[in-house]
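This is what each chain is made of:
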Amino acid sequence: YTDVINRYSHIGFYTHWRNDCFDTAYLPSKGYAYGAEAAYYVPMGAARGTSFGVLQSDASVAFRLSRNTVLKPAFYVRMLLGDNIPFVYANSLGGYLDGRYMRQQISFVGLTGCEFVQRQLALLRLDARQKLMSNLYLSAIVNYAYSTEKLSNLFVGEGMWGVAAGFIYSTTAGPLSLYTHWNDMHHRIGAYFSFGYAF
């Protein structure tokens, strides 16, 4: 057991920068956010692994198409640089919230839970929201992800699509959401329900 821990123990050095200028944390109608992170991990103690790096960036913007219609496009990129990278640092996708299952997990509607993908990952997402009446919204999301082992092969071949549609009701205790979703990898329809703020 100790040997297993030693083989995969690393110490990391990282820098993180983020700027969030959305008008609200949930259901923004204007503003933007962007961030970047760089990390470098080296084997610690008796670990027999190798050093590797992580580069990650994301950006999103919200704007009104009309008084009741909001669009919010976003993109995410995460690259793993090096060989023999421990599984715990692998790129992962799934769910409706970033970091729900693992710190590096990027949300991807259409996938329930968390799935691991290859070392070079790029994701595009578009959220559309229509206000139907006071505090009630119709929401639609489409996202596309592509991953590959080598950066030179990025966007060569096909990626994965996911779509979702549902309703959001805004309350003082947080949004009440109900979605149905699908993706073209598993070809299964799923549902997602949430209430309150994420911490």
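Residues numbered from 1 in each chain as written. Predicted model: local features only at pLDDT ≥ 70, side-chain atom pairs only at ≥ 80, totals over all residues. Heavy atoms only, no water.

Regarding the overall build of the chain
The helix and strand inventory of the chain stands at one helix and 12 strands. Order of helices (α) and strands (β) in the chain, N terminus to C terminus: α-β-β-β-β-β-β-β-β-β-β-β-β. In terms of principal-axis extent, the alpha carbons of the chain reach across some 60 × 35 × 35 Å. Counting every position in the chain, which comprises 199 residues, the buried fraction comes to 38%. Summed over all atoms, the accessible surface of the chain reaches about 11,600 Å², with 61% contributed by carbon and sulfur. In the chain, 16 positive and 12 negative side-chain charges are present, and the distance between their average locations comes to 6 Å. (Helix = DSSP H or I, 4+ residues; strand = E, 2+ residues; numbered from the N terminus. Buried < 20%, exposed > 50% of the residue type's maximum accessible area, 1.4 Å probe, protein only. Areas by Shrake-Rupley, 256 points an atom, 1.4 Å probe, with all protein chains shown as cover. Lys, Arg positive; Asp, Glu negative; His and termini not counted. Charge placed at Lys NZ, Arg CZ, Asp CG, Glu CD.)

Regarding the layout of surface pockets
Of the volumes computed, that of the largest pocket is approximately 1,600 Å³. What lines the largest pocket is a set of 50 residues, among which Ala25, Lys72, Tyr96, Leu97 and Asp98 lie closest to the centre. (1 Å grid on protein atoms, 1.4 Å probe; cavity = no way out; pocket = protein on both sides within 12 Å on 5 of 7 lines; lining within 4 Å. Points joined across faces, edges and corners; volume = space filled by probe spheres on them.)

Considerations on the pairing of strand S10 (residues 160–171)
Where strand S9 (residues 136–148) lies against S10, 10 bridges are found, and the strand directions are antiparallel. The residue of S10 that forms the bridge with Ile141 is Ala164. Taken together, the 10 bridges between S10 and strand S11 (residues 174–183) define a ladder with antiparallel strand orientation. Bridging from a neighbouring strand, Ser170 pairs with Pro175 of S11. Counting the residues that bridge the hairpin from S10 to S11 gives two residues. (Pairing = 2+ DSSP bridges.)

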